[in-house]
Structures are given as structure tokens and as C-alpha cells.
Amino acid sequence: MDKKALEALLNDMSTEEKVMQLVQIPGSEYEASAEITGIERGQVKDNVKKLAGSTLGIWGSKRLKKIQEKYIKEHPHHIPLMFMLDVIHGHKTVLPCPLGQGATFDPDTVRKGAEMQAQEAAADGVHATFSPMADLCRDARWGRIMESTGEDKILNSRMATAMVEGYQGDDLKDRNYIAACVKHYAAYGAAEGGRDYNNTELSEHTLREHYLRAYGEAIKKNPAMVMTSFNSINGIPATGNKFLMKKILREEFGFKGVLISDWGAVGEMINHGFAEDQRDAALKAMMAGVDIDMCSGCYSSSLEDLVNTGAVSVQMLDEAVLRVLNMKNDLGLFEDPYRGIDMDAGPVITGESRALAKEAVAASLVLLENKENTLPLRKEKNAFIGPYANNKKLQSSWAFSGEDENTVTVWEAALEAFDPESIKVSTGCTMLDQDTMTARGKRHVDNWEVENTKFMAEAVKAAEWADTVIMCLGEDFAQSGEATSKVSLKLPAVQLKLLNEIKKTGKRIVTLIFTGRPLELNEVRELSDALMICWLPGTEGGHGVMDVLLGKVSPSGRLPVSFPYTVGQEPLHYDMYPTGRPRPETGPSAFTSSYLDCENGALYPFGYGLSYTLFEFINPTLSAQKMSGSETITAYVTVRNTGAMKGSVTVQLYIRDVTSSRVRPVRELADFKKISLDPGAEEEVGFIINEEMLRFWTAEEKWESEAGKFLVWICNSSRDGQPLEFKLA
Ligand code: GLC
């Protein structure tokens, strides 16, 4: 539909019709099997169901076609309903959780994954996804860190941008693509105490330099939507926050798309103590520029009255409605509400989608320890032990449209790779300690004590039989994701008990950790000869892990988030500001910024990961030692594979602004490149440093660079390398 026709449609709509285009209702109003991802507020009224502009949480081409046919017929202007769904790391073929995708440090792999997700979801009638989550997360207590790509603004920017490109393609009218939604705007990951939905207190310079960056970069790729976050920022809930939504999002970022609230967030401004009632909440959300109210009922109950009484102008209403109609138009829904999709078919998992997923798994795995080259596995007697050894639940709590039966477990992959006589499997213990709380409620196992005693005895026997034991441990899938904040980052006691029992057998131990967040791994590290983070790897988890265990692929993942010695260090991040009393390298000393009982830094730092081969960084160099604002410096290094296996390495460029009008981090990732090298091969890797990369929120509250000395590291993690120096004139 062209612009004029769209405006004619808008002018012909009643106020009620316009208001309802800004209302999103739960999919359960249309389909009993809908996925509910928020607090339900009871049945909506018939007129709302008949006129609501969009719904969420349902998929399936046949069922959506039936809903759409009825809806369009009954709508006074036959405007199509928009179907939205959380497709955050897979629809039918589930990829590694986003934190695992961050660990790939490979935006192109992530873009291809998003493209594949879009094709599968579009084939199921979905029009829009609520992804990428561009929240920066420095706190492992916050369970939604699983849905992020970690603690760094540059890594998050590259990943969020890649996802928007993958989901949306070049033209949303192309039925193989879906609308993207950058969320949760803003700074949701800075929740105080790591407790979900809690308030955030951030200085403007930390907000601008770290927390806002990935949203801003992703918005440059024109995502159809941005979603407001549940939290308040410096005392004002995001969903009613004009500074965030008008000044930053619309004016500075130039966002012209649809601003949708998170589930119920408009109404929750009452709980925040920011709105008096639903009418006041609706008014404050409209004044902040929120276009769609997701499931709070405030717009459907109060917005028409606000317009009729003049509290909200017709112009403001029309602008919001036009943004929603434009989005439907960009998707081609007016011409064809079914987008040319064979709605009787639906998506299928293909060899190609599995291959892409397996590649993504292998690229996401982070090898943390490999004492005496325990890995790759030898073709001898191997026992796979632990609650993740033969577990189909390898996807996250946000992959509800993927079916577990499609998942390949570690054991299933082992059966394909080894002579079945040479391997054994044993559960070893329950996933969780008795009566542990998860996002899905309390986990209770009848005869828990007896069951675990039996499991453990079987596991010890399997270990005694084996030459090497592969322990498959970790955090339950329902212990990360929304509303899963925890004050402990330890593995369940029952899993640690199992690991200690297996250690007593004296066998070589490879420990695989499946998790949606950083965990405390001190004890696991002591007990393991090799240690690898597998995240929540999804449908091809078993195959991807097995390819790396067998050495078909050398591990190349790097940590997108710091793994602490203890939860007491959280929030923890590598790019911290210096202090006036830095802790000496030699250890804590009086009157310095250190802990009496712990290191300052991470057990395993951001950007860290091992390979099966060795890489030498030769002669890191800067092309000049001085540059003016209009010039650039090239930082380069020769990387050589000095080992015996092919491998990939992520060359990381870090910069520190040594003296500035506002303190700057001890180092910040400025760029990265992942390269693959055959044994003995070498490659020169170069990075362009320009003035724009050196800008920050100065004491004068301007986004500028300042002359002075800068340090540069070209290295293999946020903790290694020797600094080079240059001056910005
Ligand atoms: C949830 C989540 C958000 C999700 C939305 C729709 O509450 O916070 O990430 O996209 O509701 O499911």
C-alpha cells in the first residue's frame, strides 16, 4: 500500500480502531496452546480481541492462517493482525543460546543463524521476533545474561547488528525474513543486586559509554521495533522515560520504527510508583512515545478516553498508529496477510539447518583448561557421566518453539562416533539438589536420596571401567532466562559430590559445563584435567560438542563474560575503571583497592579461551606513534599457528585512554577479528584506529576524544599482551 492509501486508511478509522492498533494481547486469546511469557491479566473484552493490532506467543502456519482469516473478515477495515514471537536463538532448529553465540566472536555465523531462524519462523506464519537482546550484562546473578551476548559493548554491538541483519534481510516484504526488535531498552542488565526487574542506577557517562552502545549500533540497521525494559533508570521507569525514549532513542539514535513495551510494563509503572492508575500509566507511556502496549490493558482501557478528553492529541495517536500500520505495510501484510507462504506446510529441520547449527555450537565452545593435552579424546574407553550426558534439554528456557526430540544429546553423538563397546553412559546424579527453585517452579524428585545413591554407584562403576571420564554437568535450562536471579553461582551440591566421587577413581576427567551464565568453577577446575564451557547449545549440541571432543574442530570460543572466583565479586567486568590505589600485581597490600580474601579480577577473564593448537602473536606494531583527529593508525600483528592442528583464534584489539577529563577503563575492546590458520601458517592481522573509536562522554558532557596518550594491546584475551603507545594530537 502506498503512503497516501495508508494515510487515507488511517483517516477513515474510528478512534477505537486506531487505539486498538496500539494494543497487543496474549496469543491465548486466539489459541489455547499459546506460550505465555508474562503475567496474565484475565480475558480481554470482545472488542479488544476483534480490533487488537497484534498478538504474541503463537506460531504454526495452519493455526495462524485460521486466526488471520477470521480476524480480517471481522475487522471493520480488514487490517491484518500481526503475529510476534520470541525467536531468540532458534525456531525449529535451535542454535546455541545468545551468550554462547557471543562466545563465537563471529558476527557472520550469528547473522546466518538469525537468517535461518527468520526463515523457519516466517514459514510458521510469524511476522516479528523479539530479538536481539542488546542488553549489556556484567552480573552473573541475573539469569537473563543467558539471553545476552555478554559484558562488552563492542561485542554486543557487532552481535546485535548481525542479528538485525539476519532477521530482516534487505527487504521485509521478502517472506523469508521477519521484523526484528532490539530489546530491552534500556540498561535492563544493570538491575541492582542482579535481581530481575530491579531498578538501575547509572551515571549518564556509564549509560552512554557502555549500556546504550549496542542498542544504538543495532538501530543503525533499522530494526522494525525497539522494546522498552521493565526497569527504572535513575528513578524513572523506562516505559515512561522521555529522556530515554524521546531524546536518546528518537532524536539521537534517529529511530523511526515501532516502540513496543515489554509484557505489562506500561501497567507496571503503577507498581513502580510512577503512575497512579491505568489511565495515568497509559498517558505517561504515550507521552514517552510507546506505540504498542504489550498485554497491560492500559491502552485498551484508557487511551480512547485520553484522546477524547484531549489529554492525548489526535496527532500523537495518529503518529503512533501510522508507525504500526507502516510496519504491517513493510511486511507486505496489506497485499498478502500470508506473505506468500505455503501456510499448509510449515518449516522443517533440514540437513543444512543442522549443519549451520552444529558449526555454531563448535564455534561457541570455550576450552578453559586442557592439562597435558587431555583433549582431543583418545579412542579408548570413555565414560560419559552426569545429568547432561544424555539430556535432550540442551536448549534454553527461551526456545519454546523448538522440540526436544530434535535435539542430539552428547551420548547420541558419542554412539555415532565411537565403537559402542568402547563407551558407557551414566546419569550420575539428578540435575539439581532436592527442591531447588527454577523458573518453572520447585524441582522435586521422589526418593531423591535413594535415586542419587543408585545413580552415583552406577557412575563410579562406569568410571572405574573407563580410561577417561567425560563429566557432563551444569546449570538446569530453567535456571537461566527470565526471573531466574540467583545469589549462588555454584554447581548443585549433588553434582559436585558426583565429581568428587569420580575423581577418587583416579581416571582422567574432562568436564563439560552446560550453562546459561558464568558459574564458580574453582573446585571443578581443581578436579578436572580438561574443562570446557558448552553454554546451552541447542538442537545440534551433541554433534557440535563431539566434533570438538574428537578434535575434528579445534575449540575457538572466547568468553563473552567474566567467570568469577566467587559471586561476591559480582557485578564483574574486565573494563573496570582504575582507582587511586590500584592493587599491585604481586597481590593485595595495605591501603590498596583489593579484597583480603579474593583476587580482583576473574578466574577466567573476558576474551579468554584455549585452542588445541598454539598461536604466537609476533611483533605487534603501530604504524605511527602519533595521530591527529583526521588521521588513522594501523595496529597490526603477525599471528602464527605454531601447533600441530588447524585452529581459529580471535585477535583482540584493546585500547586505554590514559589521562582524560573523566576516568576511562583500564582497557576496552575496540575491535576483534577471528581468523583460521593451518599448522605452521601465519597471517598479518591489522586494525585501523581512528579518532572516532577514542570518543567518550567527557566531563563537558560531550561525545568527543581528547588529546593525550593511549595504550594499545593486540592480544588473545582481555588479560594478556604488552601495551604499545601512541599519542592523539
Ligand atoms: C517477556 C520478556 C521479553 C519478551 C516478552 C514477550 O516478559 O521480558 O524479553 O520478548 O515478554 O514474550
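Keep in mind it's a predicted model, so treat the numbers as computed, not measured. (Residues numbered from 1 in each chain as written. Predicted model: local features only at pLDDT ≥ 70, side-chain atom pairs only at ≥ 80, totals over all residues. Heavy atoms only, no water.)

### Points about the packing of aromatic side chains
Okay, so step 1: Evaluated as defined, the whole model comprises 16 aromatic pairs.
Okay, so step 2: Arranged with centres 5.9 Å apart and planes meeting at 55°, the rings of Trp 398 and Phe 400 form a pair that is tilted.
Okay, so step 3: Using a relative accessible area of 6% as the deciding quantity, one classes Trp 398 as buried.
Okay, so step 4: Connected via pairs of aromatic rings, a cluster forms that spans Phe 105, Tyr 574, Phe 606, Tyr 654 and Phe 672.
Okay, so step 5: Of note, Lys 393 hangs over the ring of Phe 477, and the distance from its end group to the ring centre comes to 4.4 Å. (Phe/Tyr/Trp six-rings, centres within 6.5 Å; stacked < 30°, edge-to-face > 60°. Buried < 20%, exposed > 50% of the residue type's maximum accessible area, 1.4 Å probe, protein only. Lys NZ or Arg CZ within 6 Å of the ring centre and 35° of its normal.)

### As for the sheet that holds strand β10 (residues 293-294)
Okay, so step 1: Reading across from one edge, β4-β3-β2-β1-β10 is the order of the five strands in this open sheet, with parallel pairing throughout. Either end of the sheet is taken by a strand with one partner, and the two such strands are β4 (128-129) and β10.
Okay, so step 2: Sheet topology places strand β2 (residues 54-56) next to strand β3 (residues 82-85); three bridges connect them, and they run parallel. Residue pairing in the sheet places Leu 56 in a bridge with Met 84 of β3. (Pairing = 2+ DSSP bridges. Helix = DSSP H or I, 4+ residues; strand = E, 2+ residues; numbered from the N terminus.)

### Quick word on the side chain of Ser 528
Okay, so step 1: In this structure, Ser 528 sits in the loop between α19 (522-527) and β18 (530-533).
Okay, so step 2: Ser 528 sits in the buried class, given a relative accessible area of 2%.
Okay, so step 3: Within the local environment of Ser 528, its side chain forms a polar contact with the backbone oxygen of Val 524, the two atoms lying 2.7 Å apart.
Okay, so step 4: The contact partners of Ser 528, leaving out residues within four places of it in the chain, are Lys 371, Ile 509 and Thr 511. (Polar contact = N/O pair within 3.5 Å; in protein donor to acceptor, adjacent residues only side chain to side chain. Contact = heavy atoms within 4.5 Å.)

### Considering the site of the ligand
Okay, so step 1: Taken together, 14 residues sit near the ligand, with Thr 37, Asp 86, Arg 144, His 184 and Asp 262 positioned nearest.
Okay, so step 2: Here Asp 86 contributes a side-chain N or O atom positioned 2.5 Å from an oxygen atom of the ligand.
Okay, so step 3: Contact distances for the ligand include 2.6 Å between an oxygen atom and a side-chain N or O atom of His 184.
Okay, so step 4: Protein chains shield 100% of the accessible area of the ligand, which is 310 Å² for the free molecule.
Okay, so step 5: Partitioned by chemical class, the residues of the shell around the ligand number seven nonpolar, two polar and five charged. (Near = heavy atom within 4 Å. Areas by Shrake-Rupley, 256 points an atom, 1.4 Å probe, with all protein chains shown as cover. Nonpolar A, V, L, I, M, F, W, Y, C, P; charged D, E, K, R; others polar.)

### With respect to the domain arrangement of the protein
Okay, so step 1: Assigned domains within the protein: domain 1 (3-330), domain 2 (357-569) and domain 3 (615-728).
Okay, so step 2: The C-alpha centroid of domain 2 is placed 34 Å from the C-alpha centroid of domain 1.
Okay, so step 3: For the pair domain 1 and domain 2, the two sides together bury roughly 3,200 Å², of which 61% comes from carbon and sulfur.
Okay, so step 4: The tally of links from domain 1 across to domain 2 stands at two salt bridges.
Okay, so step 5: Between Glu 482 and Arg 144 there is a salt bridge, with the nearest N and O atoms lying 3.5 Å from each other.
Okay, so step 6: The element contributing the most residues to the side of domain 1 that touches domain 2 is helix α5 (residues 98-103), with four residues. (Domains from an automatic or database assignment. Buried area = accessible area lost by both parts, 1.4 Å probe. Salt bridge = Lys/Arg side-chain N within 4 Å of Asp/Glu carboxyl O.)

### Comments concerning the nonpolar core
Okay, so step 1: In terms of nonpolar packing, the biggest core is built from 203 residues, with Phe 384 and Leu 549 touching the most fellow members.
Okay, so step 2: Broken down by element, this core gets its largest block of residues, eight residues, from helix α7 (residues 153-168).
Okay, so step 3: Counting 23 residues, the second largest nonpolar core, distinct from the first, contains Ala 635, Leu 677, Phe 687 and Phe 726. (Core = buried A, V, L, I, M, F, W, Y, C linked by side-chain atoms within 4.5 Å.)

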